[in-house]
Amino acid sequence: MNTDRIAAVAKKDLAEFRKNKYIMITIVFMPLVISVIMPTVYVLPINALGSQNSDTVTLHLDLTSTYSDLTISDSVFYNASLQRVNISNCILLGCMISNSTIVSSRVNGSVIDNSSASGTLVTDCNLINFVDSGENTVIGSQYIGGNEELEDLMNIMFNILLILLVMIPVTIPTVTASYSFVGEKVNKSLEPLLATPISDLELLVGKSASIFAVSMIATLGSFVVSVLMVDILTEPVLGYYPLPNVYWIIGMFALAPGMCLMSILFNVLISSRVNDVRVSQQIGGILVLPLLLFFFFSLSGFLSSGILPMIAFSAIIFAADAGIIWLSLRVFNREEILVSWK
Amino acid sequence: MIETIDLCRKFNGNTAVENLNLKVEKGEVFGLLGPNGAGKTTTIRMLTCLIQQTSGTAYVNGFEINKENDSPRIREIVGVLPESPGLYESLSAQRNLDFFANLYGMAKDKRSARIEELLKMLNLWDRREEPVATYSKGMKQKIAIARAFVHNPQVVFLDEPTAGLDPAAALTVREFLIALKKEGRTIFINSHHLDEVERLCDRIAVMNQTALAVGSPKELTRRYWGRTTVIELANLEPAHVNLVRGLDFALNVRTEDQKILVDLDDPETRNPILVQALSKAGAKVEYVTELRRTLEDVYMKLVGGERR
């Protein structure tokens, strides 16, 4: 393959994209909405939930004693630091409790970090990754991680945001590829192009490369902005930066390119059968369906929304890409384009 | 330079080109004439390795068409103007030409020099940075022709170079082609414009799926129409016509109004004898002239039947 020719085609297409206001609106406007407006809209419920419990908690701990790796019971602790301690029937005031187990106690004005409790009255505490083992009464405390309700909501919101982000590399090629392939056919500029020494594969790669570059730059740009937006909006409530997590990273660096490639090649196949850019765009939109189904099943619990299903789905998309590449190469050759393309 | 040998192409059982045998010499401007659907565009597409032939073969500058190693070589040495200009309308003329020159592997400085040369020839240098969409149809066609020549190809295929252009635009394109003809390239033109082909081409082929006739415009005119002398008489009578018919060198004699039309092999020698005989028989000869046949007459005779 001649890389100069591939680069020439890609550059020419990029120059055409820049001059096409519909393409530019899609490339700029869609990522902007998804990466700025959507995180704001979807993250507000998390803020609201977090703020319900956060009004009363202002802690000033003065840790004067430290206890670790102990089992203690029937005691009172004031301003103490307890690490890896099994606590039962105790009263803890203004303490820092981490990696411990609390049973049948009363805890007030403390920080409970990465610990579990049962049968305990918890008042005015900061709870970080708190595991509620049952029969606790929690009053006036702020959950920071470990809150199942909050985490479930976060996961749903982040999943929805990820769906929207992965829709960018699916949707932008339906517009750009439609103009690149169908537009070139309608404009009758394919024939002079095919009469040059460029090979069918070089032409397909050059055209796909420009669309892929535009789509993935928009997607990754949106990813960075989304992550910043989510982190800026949620950190004051959660106390940590939730994104990017592994799920999002796989989504962005495996699923998004896979879907982008599929969208481009799917449009090549569509281009061989339609003569209208808008029709091509509408048919190309079908590709959003498998993506939506995957996330729908994940959110509804039909599929677990973990990392492995995401990796598996990405692998399926890449396998499907391989099939579509094979079909595209059969369709995208001089004879087919000039004789069979409608 | 170009040779086709029994070249055939069928589309779903329909024959577009059948047993086409042509030979075009280096530096020759060759015209391919024929009605719509005669297979002209298909012939160009086969010769430029855009589509495969069903059978037969062809050579362009010694390279065999649609042969794996030869096809890229053919594409390197030919320039093509398809039926539609097919320019990138949002890009400038300069950008359009530069893109194609780049695909042909021309170095940047050579590309720039060649584009400047062509755009100046076309009087479009001042508008080189304007989008092609703002150009008139004739200007677009000139850019498309320039694109076919941008890489200095040895052979250029032009499919209907003046189709759809107004007379002024067509004239500009023709003048441009005449200028390019002087560069000594082999140019292969498909056209419906018989007058244009007659003026531009050294030789032509009339085809309708296959080649019906090949030769220079003059040769074809003589071959298919001979030469006709027209004698207008003030007192045309049947006796005068019979007298002419009786002359052994008169090949075909007919009348039209007050005129006798006689096909002759050698009018320079025969016309004086003819006029003398008529005068002797009492005919009052008003004038003698030669009926000029055009390529259009040949074309109509071969493809569309006789008109007169």
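Residues numbered from 1 in each chain as written. Chains lettered and ligands numbered in written order. Predicted model: local features only at pLDDT ≥ 70, side-chain atom pairs only at ≥ 80, totals over all residues. Heavy atoms only, no water.

## Comments concerning the overall build of chain B
Phase 1 of the analysis: On a plain count of helices and strands, chain B comes out with eleven helices and 14 strands.
Phase 2 of the analysis: Radius of gyration (C-alpha) of chain B: 24 Å, far over the 19 Å computed for a compact globule of 308 residues.
Phase 3 of the analysis: Counting every position in chain B, which comprises 308 residues, the buried fraction comes to 52%.
Phase 4 of the analysis: Long-range pairs, those at least 24 residues apart, make up 67% of the contacts in chain B between residues at least 6 apart in sequence. (Helix = DSSP H or I, 4+ residues; strand = E, 2+ residues; numbered from the N terminus. Rg over C-alpha atoms; globule rule 2.2 N^0.38 Å. Buried < 20%, exposed > 50% of the residue type's maximum accessible area, 1.4 Å probe, protein only. Contact = heavy atoms within 4.5 Å.)

## Some words on the pattern of salt bridges
Phase 1 of the analysis: Under the definition given, this model contains 22 salt bridges over all chains.
Phase 2 of the analysis: In this structure, the salt-bridge partner of Glu-202 of chain A is Arg-5 of chain A, at a minimum N-O distance of 3.0 Å. Here Glu-202 of chain A is found in helix H5 (residues 200-238), whereas its partner Arg-5 of chain A is found in helix H1 (residues 3-19), with 197 residues between them in sequence. Accessibility classification places Glu-202 of chain A together with Arg-5 of chain A in one group, the buried group.
Phase 3 of the analysis: For Arg-111 of chain B, the salt bridge identified is with Asp-98 of chain B, shortest N-O distance 2.8 Å. (Salt bridge = Lys/Arg side-chain N within 4 Å of Asp/Glu carboxyl O.)

## Considerations on the domain arrangement of chain A
Phase 1 of the analysis: On domain assignment, one finds that chain A holds domain 1 (3-50 + 149-340) and domain 2 (65-146).
Phase 2 of the analysis: The centre of domain 1 of chain A, based on its C-alpha atoms, is set 48 Å off from the matching centre of domain 2 of chain A. (Domains from an automatic or database assignment.)

## Here's the deal with the interface of chain B and chain A
Phase 1 of the analysis: Opposite the 26 residues of chain B that make contact, chain A presents 24 residues.
Phase 2 of the analysis: Note on chain B versus chain A: buried area summed over both sides is about 2,400 Å², and carbon and sulfur give 64% of it.
Phase 3 of the analysis: If you look at where chain B meets chain A, you find two salt bridges.
Phase 4 of the analysis: Residue Arg-45 of chain B is joined to Glu-191 of chain A by a salt bridge in which the shortest nitrogen-to-oxygen separation is 2.8 Å.
Phase 5 of the analysis: Our count for the contact surface shared by chain B and chain A stands at five residue pairs in polar contact (both at pLDDT 80 or more).
Phase 6 of the analysis: Every element with two or more residues in the side of chain B that touches chain A is listed here: strand S1 (2-11), helix H2 (70-77) and helix H3 (93-103) of chain B.
Phase 7 of the analysis: With five residues, the top contributor of residues to the side of chain B that touches chain A is H3 of chain B.
Phase 8 of the analysis: Its residues assigned to classes, the side of chain B that touches chain A comprises 14 nonpolar, five polar and seven charged. (Buried area = accessible area lost by both parts, 1.4 Å probe. Polar contact = N/O pair within 3.5 Å; in protein donor to acceptor, adjacent residues only side chain to side chain. Nonpolar A, V, L, I, M, F, W, Y, C, P; charged D, E, K, R; others polar.)

## Section: the confidence of the model for chain B
All names here are of chain B.
Phase 1 of the analysis: Taken over all residues, the pLDDT of chain B has a mean of 89, while the share at 70 or more is 99%.
Phase 2 of the analysis: Mean pLDDT across the elements of chain B bottoms out in helix H8 (residues 217-225) (80) and peaks in H3 (96).
Phase 3 of the analysis: Overall fold confidence for the complex sits at a pTM of 0.75, while the interface term, ipTM, reaches 0.81. (pLDDT = per-residue confidence, 0-100.)

## Section: the confidence of the model for chain A
Phase 1 of the analysis: On average, residues of chain A carry a pLDDT of 84, and 89% of them reach 70 or more.
Phase 2 of the analysis: Within chain A, the lowest mean pLDDT, 74, falls on strand S14 (residues 142-144) of chain A, and the highest, 93, falls on H1 of chain A.

## Here's the deal with the packing of aromatic side chains
Phase 1 of the analysis: On inspection of all chains with the given rule, the structure shows ten aromatic pairs over all chains.
Phase 2 of the analysis: Between Phe-99 of chain B and Phe-100 of chain B, the ring centres sit 5.2 Å apart and the planes meet at 75 degrees, which makes this aromatic pair edge-to-face.
Phase 3 of the analysis: A centroid spacing of 5.3 Å and a plane angle of 50 degrees characterise the contact between Phe-157 of chain B and Phe-188 of chain B, whose relative ring orientation is tilted. Note that Phe-157 of chain B is positioned in strand S7 (residues 155-159) and Phe-188 of chain B in strand S8 (residues 186-191), a separation of 31 residues in sequence.
Phase 4 of the analysis: The class for Phe-188 of chain B is buried, based on a relative accessible area of 0%.
Phase 5 of the analysis: An aromatic cluster is built from Phe-158, Phe-223, Trp-248 and Phe-253 of chain A, whose rings are joined through pairwise contacts. (Phe/Tyr/Trp six-rings, centres within 6.5 Å; stacked < 30°, edge-to-face > 60°.)

## Topic: the packing of H8 of chain B against helix H11 (residues 295-304) of chain B
All names here are of chain B.
Phase 1 of the analysis: Contact geometry for H8 and H11: axes closest at 9 Å, N-to-C directions at 55 degrees. Here H8 is positioned oblique relative to H11, judged by the angle of their axes. The two elements H8 and H11 cross, and the hand of that crossing is left-handed. Between H8, through Pro-217, Leu-220, Thr-221, Tyr-224 and Trp-225, and H11, the contact on the second element is made entirely by Leu-295, Asp-297, Val-298, Lys-301 and Leu-302. (Axes fitted to C-alpha atoms, helices over the stretch in contact; angles between N-to-C directions. Parallel < 35°, antiparallel > 145°, perpendicular 65-115°, else oblique. Left-handed = near helix turned anticlockwise from the far one by under 90°.)

## Things to note about the packing of helix H9 (residues 238-245) of chain B against helix H10 (residues 267-280) of chain B
Residue and element names in this part refer to chain B.
Phase 1 of the analysis: Put simply, H9 and H10 touch, their axes get as near as 10 Å, and they point 145 degrees apart. Here H9 and H10 pass one another in a crossing that is right-handed. From H9, His-240, Leu-243 and Val-244 reach across to H10, where they touch Leu-274, Ala-277 and Leu-278.
Phase 2 of the analysis: Looking at the contact of H9 with H10 residue by residue, the classes come out as five nonpolar, one polar and no charged.

## Brief notes about unusual backbone geometry
Phase 1 of the analysis: Note the cis peptide between Leu-243 of chain A and Pro-244 of chain A, where omega equals 0 degrees.
Phase 2 of the analysis: Considering the arrangement of structural elements, one finds Pro-244 of chain A in the loop between H5 and helix H6 (246-271).
Phase 3 of the analysis: Despite not being glycine, Asn-12 of chain B has its phi angle at roughly 50 degrees, a positive value.

## A short note on the sheet that holds strand S14 (residues 285-291) of chain B
Residue and element names in this part refer to chain B.
Phase 1 of the analysis: Read from one edge of the open sheet, four strands run S12-S13-S11-S14, paired in antiparallel fashion. On the outer flanks of this sheet lie strand S12 (252-256) and S14, each paired with one strand and no other. On average, each strand axis in the sheet is tilted by 20 degrees relative to the strand beside it, whichever way the strands run.
Phase 2 of the analysis: Lying on the sheet, H9 is in contact with strand S11 (227-233), S12 and strand S13 (259-264); it crosses S12 at an angle near 160 degrees. (Pairing = 2+ DSSP bridges.)

## Topic: the sheet that holds strand S4 (residues 55-60) of chain B
All names here are of chain B.
Phase 1 of the analysis: Pairing is antiparallel in the open sheet, where four strands are placed in the order S2-S1-S4-S5. The sheet is open, and its two edges are formed by strand S2 (14-24) and strand S5 (63-64), each paired on a single side.
Phase 2 of the analysis: Pairing between S4 and S5: two bridges, direction antiparallel. Residue pairing in the sheet places Val-60 in a bridge with Phe-63 of S5.
Phase 3 of the analysis: Running over the sheet, helix H1 (residues 40-47) touches S1, S2 and S4 and is turned about 115 degrees from S1.

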